[in-house]
Amino acid sequence: NRFTECWVPDYESENNLAGDLSHPTLKPTTPLKYIGALTRIKDKAVVKKEKHIAVILSGPEPQRSILEEKIIKDIGHYNHTATVVRGLPGSASLIPSTGMIKFYNHLPSAELNTAMLEAEYIISRTGYSTVMDIMALQKKSILVPTPGQTEQEYLGNFLMEKGLSVCVEQKEFSLAKAMSAAFDFDYKIQAATNDTLLTKNIQRFLSQSFTPAFG
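A.B. asks: Can you help me understand the side chain of D74 in this one?
C.D. replies: Relative to the helices and strands, D74 is located in helix α1 (residues 63-75). For the buried residue D74, which engages in no salt bridge, the nearest side chain bearing the opposite charge is K73, 4.5 Å off. Contact partners of D74, with chain neighbours within four places excluded, come to S174 and L175.

A.B. asks: Mind showing me how you'd approach unusual backbone geometry here?
C.D. replies: For residues other than glycine, phi is negative in most cases, and the peptide bonds are mostly trans. The linkage connecting E61 with the following residue, P62, adopts the cis geometry, with an omega of 5°. Topologically, P62 is positioned in the loop between β3 (53-56) and α1. Unusually for a residue other than glycine, K51 sits at a positive phi of about 60°.

A.B. asks: Sorry if this is basic, but what is going on with the nonpolar core here?
C.D. replies: As a rule of thumb, nonpolar side chains are buried together in soluble globular proteins. Among the nonpolar cores identified, the biggest contains 25 residues, and L17, L112, M116, I122, V131, M135 and L159 are the most heavily contacted of them. Of all the elements in the fold, those that place two or more residues in this core are β3, α2 (109-118), α3 (128-136) and α4 (150-161). Once you skip the residues sitting within four places of it in the chain, M135 turns out to touch L17, L159 and L164. Core analysis: the second largest hydrophobic core is formed by 23 residues, V84, I101, F103 and V166 among them.

A.B. asks: Where do I start with the sheet that holds strand β7 (residues 140-143) in this structure?
C.D. replies: Strands belonging to one sheet form pairs held by backbone hydrogen bonds; the direction of such a pair is parallel or antiparallel. One open sheet accounts for 6 strands, arranged β5-β4-β3-β6-β7-β8; its pairing is parallel. What marks the edges here is a single partner per strand, and that holds for β5 (101-104) and β8 (166-167). Bridge count between β7 and β8: 2 bridges; the pairing is parallel. Residue pairing for β8: L143 is matched across the bridge by C167. Strands β3, β4 (82-85) and β6 (121-124) of the sheet are contacted by α2, whose axis makes an angle of about 135° with β3.

A.B. asks: What should I look at first to understand α1 in this one?
C.D. replies: Owing to its 3.6 residues per turn, the α-helix aligns residues three or four sequence positions apart on the same side. Between its terminal C-alpha atoms α1 stretches 18 Å, which fits the 18 Å expected from 13 residues at 1.5 Å a residue. Looking at α1, one finds that the buried residues are Q63, R64, L67, E68, I71, D74 and I75. Projected onto a plane normal to the axis of α1, the buried residues spread over an arc of 135° and lie on a single side. For α1, the exposed residues lying more than 90 degrees away from the buried face are E69 and K73. Here the buried face of α1 lies against β3, β4, β5 and α5 (175-184).

A.B. asks: Explanation requested: the packing of aromatic side chains in the structure shown.
C.D. replies: A ring pair, where both rings are aromatic, is described by two values, the distance of the centres and the angle of the planes. Per the counting criterion, the structure on display carries 5 aromatic pairs. With 5.5 Å between their ring centres and 70° between their planes, Y121 and F183 make a pair best called edge-to-face. With Y121 in strand β6 and F183 in helix α5, the pair connects residues that are 62 residues apart, well separated along the chain. With 4.8 Å between their ring centres and 80° between their planes, F185 and Y187 make a pair best called edge-to-face. In this structure an aromatic cluster arises from ring pairing among Y121, F183, F185 and Y187.

Procedures and definitions
- Residues numbered from 1 in each chain as written.
- Predicted model: local features only at pLDDT ≥ 70, side-chain atom pairs only at ≥ 80, totals over all residues.
- Heavy atoms only, no water.
- Helix = DSSP H or I, 4+ residues; strand = E, 2+ residues; numbered from the N terminus.
- Buried < 20%, exposed > 50% of the residue type's maximum accessible area, 1.4 Å probe, protein only.
- Lys, Arg positive; Asp, Glu negative; His and termini not counted.
- Salt bridge = Lys/Arg side-chain N within 4 Å of Asp/Glu carboxyl O.
- Contact = heavy atoms within 4.5 Å.
- Core = buried A, V, L, I, M, F, W, Y, C linked by side-chain atoms within 4.5 Å.
- Pairing = 2+ DSSP bridges.
- Axes fitted to C-alpha atoms, helices over the stretch in contact; angles between N-to-C directions.
- Expected span 1.5 Å × (residues − 1).
- Arc of directions from axis to C-beta.
- Phe/Tyr/Trp six-rings, centres within 6.5 Å; stacked < 30°, edge-to-face > 60°.

So this is what it looks like as structure tokens:
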């Protein structure tokens, strides 16, 4: 309540991405301004590979490693190509790549951008920034909420109900079953929007006159 406005990275309409997380029944008295989805990912001319998956691991231990072990155990049996980004910047441990499966401890933003664009399917946690990236690129996804993080669990179920993603609990995760579910899932990918909400809000905000708080 000490702030002039609260800016929310989502859409005000029913086509929003976060449900009750960004549209609570009880709202603050501070004025809310919805500024659209925010993403650093850029759509560009990259050839998408059929049934290619990009696995983007992240989050706290030991949950990151638990999901990684499940992925590694299964991915050798996947009959298509894949890129696995382990989410371990600075780690000296390496997993050898093959002709079909490429492993990276970490990828800089531009290379991660390309890896996501190449994929037909993205497997990741349900972190909101990653969700906004996936939706900006209109990608099919399989989201695996971090156990115990209730906001990720809610978001995964919310997006699955809207037809935007498949959501799978980590304890039940099997790559073969997850991919089979994704192949059969009726994805209702939303059309990309040319977001100008953030720019418009910045311009509106800067054009207003404010009484200095001190001086």
